[in-house]
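What the coordinates show
Chain residues, written in single-letter form:
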Amino acid sequence: MAGGRSGEEEGRNGGVPPSSDAAMAGVATGGVEDAYGEDRATEDQPITPWAVCIASGHSLLRDPRHNKGMSFTEKERDAHYLRGLLPPAVLPQELQEKRLLQNVRELETPLHRYMFLMDLQERNERLFYKLMVDNVEELLPVVYTPTVGEACQKYGSIFMRPQGLYISLKDKGRVLGVLRNWPEKSIQVIVVTDGERILGLGDLGCQGMGIPVGKLALYTALGGVRPSGALPITIDVGTNNEELLNDEFYIGLRQRRATGQVPRLLHLPWLNPVVTLWSRVLTARLHFSFQEYTELLDEFMAAVKQNYGSKTLVQFEDFANHNAFTLLEKYKGTHLVFNDDIQGTAAVVLAGLIAGLKFVGGTLADHKFLFFGAGEAGTGIAELVALEISMQSHLSPEEARKNIWLVDSKGLIVSSRKDSIQPFKKLYAHEHEPVKDLLSAIKDIKPTALIGSAGVGQSFTKEVIEAMSSINKRPIILALSNPTSKSECTAEQAYSWSEGRAIFGSGSPFDPVKYNDKPFVPAQANNAYIFPGFGLGVVISGAIRVKDDMVLAAAEGLAEQVTSEHFDKGLIYPPFSSIRKISANIAAHVAAKAYDLGLASHLPRPRDLVKYAESCMYSPIYRSYR
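Residues numbered from 1 in each chain as written. Predicted model: local features only at pLDDT ≥ 70, side-chain atom pairs only at ≥ 80, totals over all residues. Heavy atoms only, no water.

**Considering the overall build of the protein chain**
The number of helices and strands found in the protein chain is 27 helices and 14 strands. Out of the 626 residues in the protein chain, the part that is buried amounts to 54%. Accessible surface, the protein chain as shown: approximately 28700 Å² in total, 53% of it carbon and sulfur. (Helix = DSSP H or I, 4+ residues; strand = E, 2+ residues; numbered from the N terminus. Buried < 20%, exposed > 50% of the residue type's maximum accessible area, 1.4 Å probe, protein only. Areas by Shrake-Rupley, 256 points an atom, 1.4 Å probe, with all protein chains shown as cover.)

Written out as structure tokens, the structure reads:
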């Protein structure tokens, strides 16, 4: 029968009759039926990107959240159609971890290690976090600072697959739709950057995505926030980095940066009319740029609240000074927002100062503090220190600020400079004669602690350290700038120039130092001590706003965990090897303060917040599958 022959031929040809258009066109029809027309379409014809999402077989091995690689058991391999898709051996997760750690150590450069770990995160999520949790001290500098800085600089060249969500000026008017493209619907923490001030490296535009990705990896590894609840976002408003604009591999918008800085009309009466006209044209362009930026950020913040609700923490990361303070001030009353560069840095430094004063003696109010750098980090730290002094000593904020001094690129910030400095610096413009350089400021102010956040490498010279050591028996020296090349001094310099008396902390990691046969372990004042535990505390309490008292609670929670054993080694922070325990304690302090302030929505309040925080932490141990 004709019908029979036709059916037989159809079966042999994968369901495509030989008389079909495909056969007539000479298209190979053996194998799986071309149900979606991909083989029949020419290169210039659009096709539909169909996908079948069943967590079994090949698709399960390509699902990073559920993939276990060679750890799938015999039973799981049969139940989920994995037989033959994996080598026959069944390896425990611990052995997989051992092999991967060996592979990481064999790679020659930190950037290659970074790329290896990011690839692992995209293949096997739990194994990546197991490796991170168990080897945090070794791998933290690879996944985050200082290596992430180089990764951002070269992001276009090493880009393999998109991580996170990219929102650009092209998306104005449809940001909510872009957010809805993200597959996860229950988001707990967002880390967002516009790439204008990446670490100490400046404007890296869209390539700043490495920062939100790295931060959220630490939220999970160190703080236990579930990875499916973490969303990295880059807001691409262009870049003023000429090198990137001319780089053929640059992944962002190729246009000048829209800025959040309010433009001011240049009006000088002696300018001729033509120059005045050009000034007005330029000001109009800047105003349009400012309007574009603010409208996009407003739309983004509104869309986050609409799509995810009011209890999703939005962490602003690596925005330029003129935007960082403005955005935090603008949204803190209406959204759940946190700026790690301002508040996180301030909390970790305050914790170090509180711990360091146990060496020196006295309270915060008994000492003077000199900041080298008056940007978002420096002024943020100064303000939190002032708040803690105010609370400890029952002083007004104005009185508390009197022992805190700032030095910027033009010298000591004093009252005679008030008309020419940014508003956030004016709080620290004290009565004093102008001082042009750091060394002279130290000799005049005689501070107990010198805190660097200016991003100017080697600015703490031998003369500076010696001056601090001549004033103090135990000078506190905090060189906070990242990456390592921007550090104000090295650990070895601080210890040797102070004759082993410095209480030292840094933003970048330094190896242990020996001075006069005495070992010193440099403390790393890393924000990773604070923000993962802080975020966990916000999440477990269901906080609806972030208040300064919660940031203070995080700092106090960290300082409390520094023991006499740590002091004996010269440490002002506990070791990172116990970071999950540290984060649980910080989370408990933050959550307790949220409950005390009436800002927590998860009721009733747990009896033991530390145990509750630990119970809420994501575990990277493999799950068993039915």
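**As for the sheet that holds strand β2 (residues 189-193)**
Taken together, the five strands give an open sheet; going across it, the order is β1-β3-β2-β4-β5, and neighbouring strands pair in parallel fashion. Each of the sheet's edge strands pairs with one partner strand only, and the pair in question is β1 (165-168) and β5 (337-339). When strand polarity is set aside, the average angle formed by the axes of neighbouring strands in this sheet is 25°. Note: β2 against strand β3 (residues 230-236), five bridges, orientation parallel. Pairing of Val191 across the sheet is with Pro232, part of β3. The sheet strands contacting helix α15 (residues 321-331) are β4 (313-316) and β5, and the helix crosses β5 at an angle near 160°. (Pairing = 2+ DSSP bridges. Axes fitted to C-alpha atoms, helices over the stretch in contact; angles between N-to-C directions. Contact = heavy atoms within 4.5 Å.)

**A word on the pattern of salt bridges**
If you walk through the whole model with that rule in mind, you get 28 salt bridges. When the shortest N-O distance is used, the salt bridge between Glu150 and Lys154 registers 2.9 Å. Of the charged contacts, one joins Lys330 and Asp298 as a salt bridge, the two residues approaching to 2.8 Å between their closest N and O atoms. With a gap of 32 residues between them, Lys330 in helix α15 and Asp298 in helix α14 (residues 273-308) connect regions that are remote in the sequence. (Salt bridge = Lys/Arg side-chain N within 4 Å of Asp/Glu carboxyl O.)

**Concerning the confidence of the model for the protein chain**
Where the model shows low pLDDT, its predicted coordinates should not be examined in detail. Averaged over all residues, the pLDDT of the protein chain equals 89, while 87% of them reach at least 70. Ignoring residues within four places in sequence, the model shows residues 1-31, a span with pLDDT below 50, making 23 contacts including any to other chains. Confidence over residues 265-270 falls short of pLDDT 50; this stretch has five contacts with residues more than four positions distant or in other chains. (pLDDT = per-residue confidence, 0-100.)

**Points about the pairing of strand β10 (residues 476-479)**
The alternating pattern of β10 places Ile476 and Leu478 on one face and Ile477 and Ala479 on the opposite face, and all of these are buried. The parallel pair strand β9 (residues 449-452) and β10, bridged by helix α21 (residues 462-471), forms a crossover whose chirality is right-handed. In terms of strand pairing, β10 meets strand β11 (residues 503-506) through four bridges, oriented parallel. Bridged to Ile477 within β11 is Phe504. With helix α22 (residues 491-497) bridging β10 and its parallel neighbour β11, the resulting β-α-β unit is right-handed. (Right-handed = clockwise from strand over helix to strand, strands pointing away.)

**Quick notes on the packing of aromatic side chains**
All chains considered together, the criterion is met by 16 aromatic pairs. Relative to Tyr625, the ring of Phe72 has its centre 6.0 Å away and its plane inclined at 45°; by these criteria the two rings are tilted. In this pair, Phe72 is assigned in the loop between α3 (57-61) and α4 (74-79) and Tyr625 in the segment after α27 (609-616), connecting sequence segments 553 residues apart. Ring centres 6.3 Å apart and planes at 55° place the aromatic pair Phe372 and Phe460 in the tilted group. One end of the pair, Phe372, is in strand β6 (residues 369-372); the other, Phe460, is in the loop between β9 and α21, with 88 residues separating them in the sequence. Given a relative accessible area of 0%, Phe460 falls into the buried group. Through pairs of rings, three or more aromatic residues link up here, namely Tyr495, Phe504, Phe510 and Phe520. (Phe/Tyr/Trp six-rings, centres within 6.5 Å; stacked < 30°, edge-to-face > 60°.)

**Topic: unusual backbone geometry**
The residue after Thr145, namely Pro146, is reached through a cis peptide bond having omega 5°. Mapped onto the elements of the fold, Pro146 is located in the loop between α8 (136-143) and α9 (147-153). Residue Leu603 is joined to Pro604 through a cis peptide bond whose omega torsion reads 0°. Tracing the chain through its elements places Pro604 in the loop between α26 (579-596) and α27. With a phi angle near 55°, Lys446 is a residue other than glycine that sits in the positive phi range.

**Brief notes about helix α12 (residues 210-223)**
Each turn of an α-helix holds 3.6 residues, which means side chains three or four residues apart point in the same direction. Across its 14 residues, α12 extends 19 Å between first and last C-alpha, which sits within 8% of the 20 Å expected from 1.5 Å per residue. The buried count for α12 comes to 14 of 14 residues, which makes it a mostly enclosed element. Gly224 sits one or two positions beyond α12 and adopts a positive phi of about 80°. (Expected span 1.5 Å × (residues − 1).)

**Quick notes on the packing of helix α5 (residues 93-106) against helix α6 (residues 110-123)**
In a packed pair of helices, the relevant descriptors are the angle between the two axes and the axis-to-axis distance. In the contact formed by α5 and α6, the axes pass within 9 Å of each other and the chain directions differ by 150°. Between α5 and α6, the interaxial angle falls into the category roughly antiparallel. With respect to the hand of their crossing, α5 and α6 are arranged in right-handed fashion. Of the residues in α6, those touching α5 at Leu100, Asn103 and Val104 are Arg113, Phe116, Leu117 and Leu120. Residue classes in the contact of α5 with α6 are distributed as five nonpolar, one polar and one charged. (Parallel < 35°, antiparallel > 145°, perpendicular 65-115°, else oblique. Left-handed = near helix turned anticlockwise from the far one by under 90°. Nonpolar A, V, L, I, M, F, W, Y, C, P; charged D, E, K, R; others polar.)

**A few points about the side chain of Arg257**
By secondary structure assignment, the location of Arg257 is in the loop between α13 (242-245) and α14. Engagement of the side chain of Arg257 in a polar contact is seen with the side chain of Asp203, the distance being 2.8 Å. Setting aside residues up to four positions removed in sequence, Arg257 forms contacts with Asp194, Gly195, Glu196, Asp203, Gly205, Val237, Gly238, Thr239, Asn240 and Ser289. (Polar contact = N/O pair within 3.5 Å; in protein donor to acceptor, adjacent residues only side chain to side chain.)

**What to know about the nonpolar core**
Membership of the largest hydrophobic core comes to 123 residues, with the highest contact counts inside it found for Leu353, Phe369, Ile404, Ile451 and Phe534. At 11 residues, α26 tops the list of elements feeding residues into this core. If we ignore the near neighbours within four places in the chain, the residues touching Ile404 are Phe369, Phe371, Ala382, Val385, Ala386, Ile389, Tyr428 and His430. Ile167, Leu231, Phe300 and Phe316 belong to the second-largest nonpolar core, a separate cluster that totals 34 residues. (Core = buried A, V, L, I, M, F, W, Y, C linked by side-chain atoms within 4.5 Å.)

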